Number of protein chains: 2
Amino acid sequence: MRKQSSRQVVIRDTVIGAEKVLICLPLSAKRKSELLARAGEIIKLGPDLIEWRVDCFEHAREMDKCLLVLRELRKKIGSIPLIFTCRSELEGGQNTMSGPERLELVTGAISTGDVDIADIEMSSGAGFIDRVKEVGEESLCKLILSYHNFDRTPAEEFVVEKLVQAEEMGGDIAKVAVMPQNSGDVLTLLSATCRARTGLVKIPMITMSMGAVGAISRLGGGVFGSDITFATGIDATAPGQLPIGDVRKVMDILD
Amino acid sequence: MRKQSSRQVVIRDTVIGAEKVLICLPLSAKRKSELLARAGEIIKLGPDLIEWRVDCFEHAREMDKCLLVLRELRKKIGSIPLIFTCRSELEGGQNTMSGPERLELVTGAISTGDVDIADIEMSSGAGFIDRVKEVGEESLCKLILSYHNFDRTPAEEFVVEKLVQAEEMGGDIAKVAVMPQNSGDVLTLLSATCRARTGLVKIPMITMSMGAVGAISRLGGGVFGSDITFATGIDATAPGQLPIGDVRKVMDILD
């Protein structure tokens, strides 16, 4: 029914960009014990993917500790695809880390083989991205290239451009999350998604209009070309995320 | 949260065009006994409004029989606002009636005082509409002016124009239902609704993109300015209508 990506991303049994819209649950605990306990809880909710927002972890700047947690997290979640994300402060991250620090952490994490997908902001720059891509290819780790704007929704043309750029810069998946000021902004995000999916962007996309007014984009974005939606299991990592049970209910209704 | 109409329509305890998006259930039974039985069933589902699609009734061309059923229907549904609709064949109706026949039936029904809202197609023409309006004012019956296209979705500009025209022609509520060919068409309908609600149209609006691909507009149209959504209790009268329980669930989630 809905338009599928022509360059789907396959991670074990999970196909991103096919008919089914996937649900990702984020983990953003500060402490290791919390993180692992919550991981144990959210896998019971049957998410299609899990994201570890490592920038929320209290020891995000200590590589060794991060990799140890990563190992345990991987064991806990089994074969569920894991997105590893170290968000910069500029785009909503919780930890002050320099670019080189983030690069070292991300490439170190990917090298372990425990990460399926790394989410990198396009604003990190070509050098950063190329290096992650290089390490990722060795470890069969896929790349989300992302753009976030927590203040406003740029023009439709700009959003389309960001999605196109994500593919051009070598991303396997393109992501745009923007904040609406009104319902018109929600339509801007959905229209940009729909236009991008009409031939301009071949890779899977993740797009959302944040906040309460944008909630409809988290429920119905799949109709317009978004392939993954972020919901809450225990942790919410962005405004407007809805409980996974609610999101699944609406998807079933739309099906 | 969502933008309210500046000219709300109040029918007893029901406010159309306020914060709450209302759910209307249609009745389209062929036989009187079925119609009344189904009316009894659907009121248990708690609809905000009920529509009688009289063109589906086997005796739609016999005024006396229609008015008798109308009386019994009114008694059955109590104070729930009733929309009386005699759809023309051209816009999806089930009965071959001439314009004068429809006008006679509609004005006859309104005159009884049992009808709260009459739905009239804008294509019926100014003479037809003015006459209904005249009779309606005497009987405190409100007027929906509607446009339907079961083949396609016209351009955004055209849809906005239809909504504006409904207000200009004296409608208390504007309605547009169009068929999408793809998800872009759904956005056209939602964008037109959103633009119309941003000052161009002051009266409440009912807009929907029909069929499976348009289902999201029946669930989330309220965010963009639509004030009533049609769902199914027992009868479905247009492609893409969803069960009232599902529609209510999604509205609760969006709230």
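Attention in this report is confined to the structure presented alongside it. Source: prediction; values computed, not measured.

**Some points on the overall build of chain A**
- Helix and strand counts for chain A stand at eight helices and 10 strands.
- By the compact-globule yardstick of 18 Å for 255 residues, chain A fits well, its C-alpha radius of gyration being 17 Å.
- Overall, the C-alpha framework of chain A stretches about 45 × 40 × 35 Å when taken along its three principal axes.
- Within the span of chain A, comprising 255 residues, buried residues form 62% of the whole.
- Of the contacts formed within chain A by residues at least 6 apart in sequence, a portion of 74% connects residues at least 24 apart.
- Accessible surface, chain A: about 9800 Å² in total, of which carbon and sulfur atoms supply 50%.
- Within chain A, the 36 negative side-chain charges are centred at a point lying 3 Å from the centre of the 31 positive side-chain charges.

**Some thoughts on the pairing of strand 9 (residues 205–209) of chain B**
All names here are of chain B.
- The buried fraction of strand 9 amounts to five of the five residues, a majority that puts the element mostly inside the structure.
- Residues Met205, Thr207 and Ser209 of strand 9 are buried on one face, and the alternating residues Ile206 and Met208, pointing to the opposite face, are buried as well.
- Relative to strand 9, strand 8 (residues 173–178) is paired through five bridges, and the arrangement is parallel. From the neighbouring strand, Ala177 faces strand 9, where its bridge partner is Met208.
- Crossover handedness for the path strand 8 to helix 6 (residues 183–200) to strand 9: right-handed.

**Here's the deal with the relation of the copies chain B and chain A**
- When chain B is fitted to chain A, the residual RMSD is 0.0 Å, and the transformation amounts to a turn of 180° plus an axial shift of 0.0 Å. As the rotation angle and translation indicate, the two copies are arranged about a two-fold axis. Relative to the rotation axis, the closest C-alpha in chain B is found at B:Val250, a distance of 3.2 Å.
- Of all interface residues in chain B, 100% are interface residues in chain A too; the two copies therefore contact each other through one and the same surface.

**Comments concerning the interface of chain B and chain A**
- In this assembly, 22 residues from chain B lie in contact with 22 residues from chain A.
- Counting the surface chain B buries against chain A, the share from its top three residues, B:Leu187, B:Ile216 and B:Ile253, is 32%.
- Across the chain B-chain A interface, the total number found is zero salt bridges.
- Where chain B meets chain A, there are two residue pairs in polar contact (both at pLDDT 80 or more).
- Take the side of chain B that touches chain A: its biggest share by element is seven residues, from helix 6 of chain B.

Rules behind the numbers
Residues numbered from 1 in each chain as written. Chains lettered and ligands numbered in written order. Predicted model: local features only at pLDDT ≥ 70, side-chain atom pairs only at ≥ 80, totals over all residues. Heavy atoms only, no water. Helix = DSSP H or I, 4+ residues; strand = E, 2+ residues; numbered from the N terminus. Rg over C-alpha atoms; globule rule 2.2 N^0.38 Å. Buried < 20%, exposed > 50% of the residue type's maximum accessible area, 1.4 Å probe, protein only. Contact = heavy atoms within 4.5 Å. Areas by Shrake-Rupley, 256 points an atom, 1.4 Å probe, with all protein chains shown as cover. Lys, Arg positive; Asp, Glu negative; His and termini not counted. Charge placed at Lys NZ, Arg CZ, Asp CG, Glu CD. Pairing = 2+ DSSP bridges. Right-handed = clockwise from strand over helix to strand, strands pointing away. Least-squares fit on C-alpha atoms with pLDDT ≥ 70 in both. Buried area = accessible area lost by both parts, 1.4 Å probe. Salt bridge = Lys/Arg side-chain N within 4 Å of Asp/Glu carboxyl O. Polar contact = N/O pair within 3.5 Å; in protein donor to acceptor, adjacent residues only side chain to side chain.

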